[in-house]
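Given next are the chains, with one letter for each unit.
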Amino acid sequence: MKLAALTHPAAKARIDAGCVALLPVGATEAHGPHLPLDTDVRIAEEMCRRALATLGERLGLEGVVLPSIAYSVTEYAGPFTGTIGVPAEAAKAYLTAVLIGAAAQGFRAVCLVNAHLEPAHRFVLRDAASAAREVAACPVVIADPCDRRWVSRLTPEFQSGKCHAGQYETSLLLAADAPIERSAMAELPEVDIDLVGAMKAGLKTFPEMGAASAYFGRPADATAEEGHRSYAILAEIVSLVLQEALPSSTEAS
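None of these values were measured; they are calculated from a predicted model.

1. Structural notes on the overall build of the protein
The number of helices and strands found in the protein is 12 helices and 4 strands. Here the C-alpha atoms of the protein give a radius of gyration of 18 Å, agreeing with the 18 Å that 2.2 N^0.38 yields for 253 residues. Expressed as lengths along the three principal axes of its C-alpha atoms, the size of the protein is roughly 50 × 40 × 35 Å. Long-range contacts, defined here as pairs at least 24 residues apart, represent 79% of the contacts in the protein between residues at least 6 apart. Here the protein has roughly 11,100 Å² of accessible surface; of this, 54% comes from carbon and sulfur atoms. Once the 21 positive and 30 negative side-chain charges of the protein are each reduced to a mean point, those two points are 5 Å apart.

And the structure:
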């Protein structure tokens, strides 16, 4: 259920009935020679779509999906054509304003659903949510698979830190029936580089890290089945974050 597809009376009816808002957050950046530039946005949107069913089953909550955030900090993929990044302060200011505006609508909670894993972007999410909470009349929370407590639930490649446009993300796009250059995917060799380790070492771009084609890991091993399993976990993460924010929902269910 997309908020932007509703008329304003229909939106009011859903909000008055006590629904929550899910805000997909991604980026527009290179994801190898096989995945689209909006990979992160597509993953976040699919997380939201699948989470809506989980919210109903687990918490008895209705929800709507807000229009996606498609631009943020994208320094590591910056050298590649099609990557459109914005400065952290601009991203924070915009996202803060969106969160405050959404919270003012009367939702029971607003949940950022993140699929862009760049550390500077994740700081933007944290800071924007914190700023919004100072004035918001409802909980503002973040469902981010990179949070330490969630990482161990996801695939070995995700846990290894070699997951940008690799098996993990490619599987998610296969499960979402997204446009993929499958012939290119099948021929890609493994890029065995520790992305997180390279970031900690101070390397600033994917080419500096040795990822000349803007991917890490093993995209050729991706399957839709793995993607469906990962989405089930990601949807549960969204549900758990909202359950923590709205404990009364658990009691009601």
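Moving on, there is more to tell.
2. Quick notes on unusual backbone geometry
In this structure, A165 is a non-glycine residue whose phi angle is positive, near 60°. With respect to the helices, strands and loops of the structure, A165 is situated in the loop between α6 (156-160) and α7 (167-175). The class of A165 is buried, set by a relative accessible area of 0%. In this structure, A214 is a non-glycine residue whose phi angle is positive, near 65°. Structurally, A214 can be placed in the loop between α10 (206-209) and α11 (224-245).

3. As for the state of the cysteines
As enumerated under the stated definition, the model contains 0 disulfides in all. Here C48 stays free of any disulfide, with the sulfur of C111 as its closest cysteine sulfur at 7.5 Å. The class of C48 is buried, set by a relative accessible area of 0%. C138 forms no disulfide, and the closest cysteine sulfur to it belongs to C19, at a distance of 10 Å.

4. With respect to the environment of V191
When you line up the elements, V191 lands in the loop between α8 (182-187) and α9 (195-200). The exposure class assigned to V191 is buried, which follows from its relative accessible area of 14%. Setting aside residues no more than four positions away along its own chain, V191 makes contact with Y215, F216 and G217.

5. Regarding the packing of helix α3 (residues 88-103) against helix α4 (residues 119-133)
To describe two helices that pack against each other, one gives the angle between their axes and the distance between the axes. At a minimum axis separation of 8 Å, α3 and α4 run at an interaxial angle of 40°. One finds that α3 runs oblique with respect to α4. Regarding α3 and α4, the two cross each other, and that crossing is right-handed. Two secondary-structure elements touch here, α3 through A88, A91, K92, L95, T96, L99 and I100 and α4 through V124, L125, D127, A128, A129, A131 and A132. Here the contact of α3 with α4 is built from residues that sort into 11 nonpolar, 1 polar and 2 charged.

6. Describing the side chain of S230
On the secondary structure map, S230 appears in helix α11. Not counting the four nearest positions on each side in its chain, S230 is found in contact with L154, T155, Y168 and L172.

7. A word on the pairing of strand β1 (residues 20-25)
Of all 6 residues in β1, 6 are buried, a share of seventy percent or more. Judged from the 3 bridges that link them, β1 and strand β2 (residues 63-65) form a sheet pairing that is parallel. Along β2, the bridge assignment pairs L22 with V65. In this view, the connection linking β1 to its parallel neighbour β2 by way of helix α2 (residues 39-59) has right-handed handedness. Bridging between β1 and strand β3 (residues 110-114) involves 5 bridges; their strand directions are parallel. Bridge pairing links A21 to V110 in β3.

8. Brief notes about the nonpolar core
With 58 residues, the main nonpolar core has L22, C111, F206 and L242 as its most contacted residues. Mapped by element, the contributors of at least two residues to this core are β1, α2, β3, β4 (140-143), α7, α9, α10 and α11. Each residue touching C111, except ones within four places of it in the same chain, is listed here: A21, L22, L23, V141, A143, V238, V241 and L242. V25, A103, V124 and A128 belong to the second largest nonpolar core, which has 26 residues in total.

Cut-off values and rules
- Residues numbered from 1 in each chain as written.
- Predicted model: local features only at pLDDT ≥ 70, side-chain atom pairs only at ≥ 80, totals over all residues.
- Heavy atoms only, no water.
- Helix = DSSP H or I, 4+ residues; strand = E, 2+ residues; numbered from the N terminus.
- Rg over C-alpha atoms; globule rule 2.2 N^0.38 Å.
- Contact = heavy atoms within 4.5 Å.
- Areas by Shrake-Rupley, 256 points an atom, 1.4 Å probe, with all protein chains shown as cover.
- Lys, Arg positive; Asp, Glu negative; His and termini not counted.
- Charge placed at Lys NZ, Arg CZ, Asp CG, Glu CD.
- Buried < 20%, exposed > 50% of the residue type's maximum accessible area, 1.4 Å probe, protein only.
- Disulfide = S-S within 2.5 Å.
- Axes fitted to C-alpha atoms, helices over the stretch in contact; angles between N-to-C directions.
- Parallel < 35°, antiparallel > 145°, perpendicular 65-115°, else oblique.
- Left-handed = near helix turned anticlockwise from the far one by under 90°.
- Nonpolar A, V, L, I, M, F, W, Y, C, P; charged D, E, K, R; others polar.
- Pairing = 2+ DSSP bridges.
- Right-handed = clockwise from strand over helix to strand, strands pointing away.
- Core = buried A, V, L, I, M, F, W, Y, C linked by side-chain atoms within 4.5 Å.

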